[in-house]
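# Descriptive analysis of the structure
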Amino acid sequence: MQAQDHVAVVIPAFNEAEALPSFLAEIRASFAAVGRSVTLIVVDDASTDDTSEAGSAFADVVRSPINRGHGPTALAAYGEGLRSGAGVIVHVDGDGQFYGDDIARVATALDRSRHDVVHGVRRGRTDPWFRRCLSALVRFAVLILCGRSVPDVNTPLRAYHPDILARLVDGVPADALVPHVHFSIAEARDRLRVGYVAVASIPRRGAVAQGTMWGAGRARAILPPRRLVRFAGRALAELWRIDIVGSRRISQPSTSVRG
């Protein structure tokens, strides 16, 4: 099987033991249905449940010795995908908020097009109002910074060619909180050919309806949790440091003289 014919789906996961096996089985079945060879790679962010054991029957599992958070774990998962030698690398979160068929469609859209990257644009999201407002604010900021509108700037469902992905990963610190926002900004600034595929956004799989960022299982949060507010502040500071101040430094001509 040649590299260009093979897909690696990389999946950061934290405490997803309950729903992960069925999600992985669904992904594998969806790629089999379109005749594509696939490797599933789960990066377990030091879960306190049986996430590693639950995923090992369907995927290659890499367990982090410490909990690093979603952003660093997503970047670690991308690194595993690059090391796999696959010709297409797809990222999706381990909470199972996408259908396997949509994940396969995103991968196929990259493979059968001239795009450098394909985003799965979520439809039918039922996020709290404050998350929608935050997403809209970031989308507007990207438009102002880059002159390009990105319909789902932080979507976790993305497909990349390895050479493009390696460039993007190299431009982001390994401890970045919001790597996908940085990726979207870099893609817009570099005028990469980005394709968009509409995909369904479904409820988180398993008994807990909300992820760890949203509190302990509250299905309908009226006000943003303090943890999310603190995270948003840190993420905005990171965007300023990397994508605004850092970008200006890179764009300035060098004054150094090589002897």
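Residues numbered from 1 in each chain as written. Predicted model: local features only at pLDDT ≥ 70, side-chain atom pairs only at ≥ 80, totals over all residues. Heavy atoms only, no water.

### Here we look at the overall build of the chain
The helix and strand tally for the chain stands at eight helices and seven strands. Taking contacts inside the chain between residues at least 6 apart in sequence as the whole, the part at least 24 apart equals 77%. As displayed, the chain has an accessible area near 13,000 Å², and 55% of this comes from carbon and sulfur atoms. (Helix = DSSP H or I, 4+ residues; strand = E, 2+ residues; numbered from the N terminus. Contact = heavy atoms within 4.5 Å. Areas by Shrake-Rupley, 256 points an atom, 1.4 Å probe, with all protein chains shown as cover.)

### A word on the packing of aromatic side chains
Using the criterion set out here, one finds three aromatic pairs in the structure. Centre to centre, the rings of tyrosine 78 and phenylalanine 183 are 5.6 Å apart; their planes meet at 50°, and the pair counts as tilted. You can see tyrosine 78 sitting in helix 3 (residues 70-83) and its partner phenylalanine 183 sitting in helix 7 (residues 179-189), a full 105 residues away along the chain. Here tyrosine 78 matches phenylalanine 183 in class, with each residue buried. Clustering of aromatic rings is evident, with ring pairs tying together Tyr78, Tyr160 and Phe183. (Phe/Tyr/Trp six-rings, centres within 6.5 Å; stacked < 30°, edge-to-face > 60°. Buried < 20%, exposed > 50% of the residue type's maximum accessible area, 1.4 Å probe, protein only.)

### Observations concerning the environment of alanine 76
With respect to the helices and strands, the residue alanine 76 is situated in helix 3. Counting along the chain gives 93 residues from alanine 76 to valine 169, while the straight-line C-alpha distance between them is 9.6 Å.

### Comments concerning the sheet that holds strand 4 (residues 88-91)
Taken in spatial order, the seven strands make up an open sheet running 3-2-1-4-6-5-7, and their pairing is mixed. With one partner strand each, in any of the chains shown, strand 3 (60-63) and strand 7 (194-200) form the two edges of the open sheet. Adjacent strand axes in the sheet meet at a mean angle of 20°, parallel and antiparallel pairs treated alike. Examined bridge by bridge, strand 5 (residues 117-123) and strand 6 (residues 158-160) share three bridges and lie antiparallel to one another. Paired with valine 118 across the two strands is alanine 159, which belongs to strand 6. Where helix 1 (residues 20-33) meets the sheet, its contacts fall on strand 1 (6-13) and strand 2 (37-44), and the angle it forms with strand 2 comes to roughly 160°. Where helix 4 (residues 100-111) meets the sheet, it contacts strand 1, strand 4, strand 5, strand 6 and strand 7, and its direction lies at approximately 165° from that of strand 7. (Pairing = 2+ DSSP bridges. Axes fitted to C-alpha atoms, helices over the stretch in contact; angles between N-to-C directions.)

### Things to note about the confidence of the model for the chain
On average, residues of the chain carry a pLDDT of 87, and 87% of them reach 70 or more. Below pLDDT 50 for its whole length, residues 212-219 participates in 15 contacts with residues either more than four positions away or in separate chains. Below a pLDDT of 50 lies the segment residues 249-259, which in the model reaches zero contacts outside its immediate sequence neighbourhood of four places, other chains included. (pLDDT = per-residue confidence, 0-100.)

### So, unusual backbone geometry
One non-glycine residue with positive phi stands out, namely alanine 46, at about 55°. Mapped onto the elements, alanine 46 comes out in the loop between strand 2 and helix 2 (51-55).

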